[in-house]
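# Observations on the model geometry
Below, each chain spelled out in residue letters.
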Amino acid sequence: MSESARATLAGGCFWCIEAAFAELDGVESAVSGYAGGHVDDPTYEAVCRGETGHAEAVQVTYDPDALTYEDLLEVFFSIHNPTTKDREGPDVGTQYRSAVYYHDDAQRETVERFVDELEAEGVYDDPIVTEVEPLERFWEAEEHHQDYFEKNPNKPYCAANVRPKVQKVREKFANQAH
């Protein structure tokens, strides 16, 4: 097995993104947390109040022999709306922005090319507003936010917002889902 790789992605509520990526074969872990802000060790409450500048993000550790970075981007751009600024579904605020936090120049080049291709193909009716920024620091969210959907599948938010994204991954990416 090759050395693990990481991707850090923000596309609305981290519960949704984490649960969707956890479905994929080759994903070793999907950890909810915060990226792109200006405060050390942010709390969920401070992030939600918009005080820290962070986005709710998920750091995906994966086996690059089983999944490519492009595979992750394909899933990411299919499970959230990258054309709405600071919004995903019912969630509104800068913490819910669409962003890819790249770990190196190769990831930056790959995501920029990927977005350019989506735009050229006209996949979305509106322009993609996903931010592409270097990952400066990823802060792991509080423990009760980890594996939230797995622990709370029947909570109304999870049933209405997380479950459809997980189902989409299971259906659209069945060859990569477990």
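Residues numbered from 1 in each chain as written. Predicted model: local features only at pLDDT ≥ 70, side-chain atom pairs only at ≥ 80, totals over all residues. Heavy atoms only, no water.

As recorded in an unreviewed UniProt entry, the protein goes by Peptide methionine sulfoxide reductase MsrA and comes from Halorientalis persicus. Per UniProt, the protein carries the Function (unreviewed entry) text "Has an important function as a repair enzyme for proteins that have been inactivated by oxidation. Catalyzes the reversible oxidation-reduction of methionine sulfoxide in proteins to methionine." What UniProt records for the protein under Sequence similarities (unreviewed entry) is the sentence "Belongs to the MsrA Met sulfoxide reductase family." (UniProt positions renumbered as here; feature names shortened; annotations may be inferred.)

### Overview of the pairing of strand 3 (residues 55-62)
By the criterion of burial, strand 3 is predominantly enclosed, with eight of the eight residues buried. Across the two faces of strand 3 the burial is the same, with Ala55, Ala57, Gln59 and Thr61 and Glu56, Val58, Val60 and Tyr62 all buried. Direction of pairing for strand 1 (residues 5-11) relative to strand 3: antiparallel, over a ladder of five bridges. Note on strand 3: the bridge partner recorded for Arg6 is Thr61. (Buried < 20%, exposed > 50% of the residue type's maximum accessible area, 1.4 Å probe, protein only. Helix = DSSP H or I, 4+ residues; strand = E, 2+ residues; numbered from the N terminus. Pairing = 2+ DSSP bridges.)

### Describing the layout of surface pockets
Considered as a void within the structure, the largest pocket measures approximately 200 Å³ in volume. Around the largest pocket, the lining residues are Glu18, Ala19, Ala22, Glu23, Val27, Ser29, Ala30, Asp147, Phe149, Glu150 and Arg170. Taken together, the elements giving at least two residues each to the lining of the largest pocket come down to helix 1 (14-22), strand 2 (27-35) and helix 5 (148-151). Considered class by class, the residues forming the lining of the largest pocket number five nonpolar, one polar and five charged. Looking at the second largest pocket, its volume works out to about 170 Å³. In this structure, the second largest pocket is lined by 16 residues; those nearest its centre are Ala35, Gly36, Gly37, Glu136 and Arg137. Tallied by class, residues from the lining of the second largest pocket come to six nonpolar, four polar and six charged. (1 Å grid on protein atoms, 1.4 Å probe; cavity = no way out; pocket = protein on both sides within 12 Å on 5 of 7 lines; lining within 4 Å. Points joined across faces, edges and corners; volume = space filled by probe spheres on them. Nonpolar A, V, L, I, M, F, W, Y, C, P; charged D, E, K, R; others polar.)

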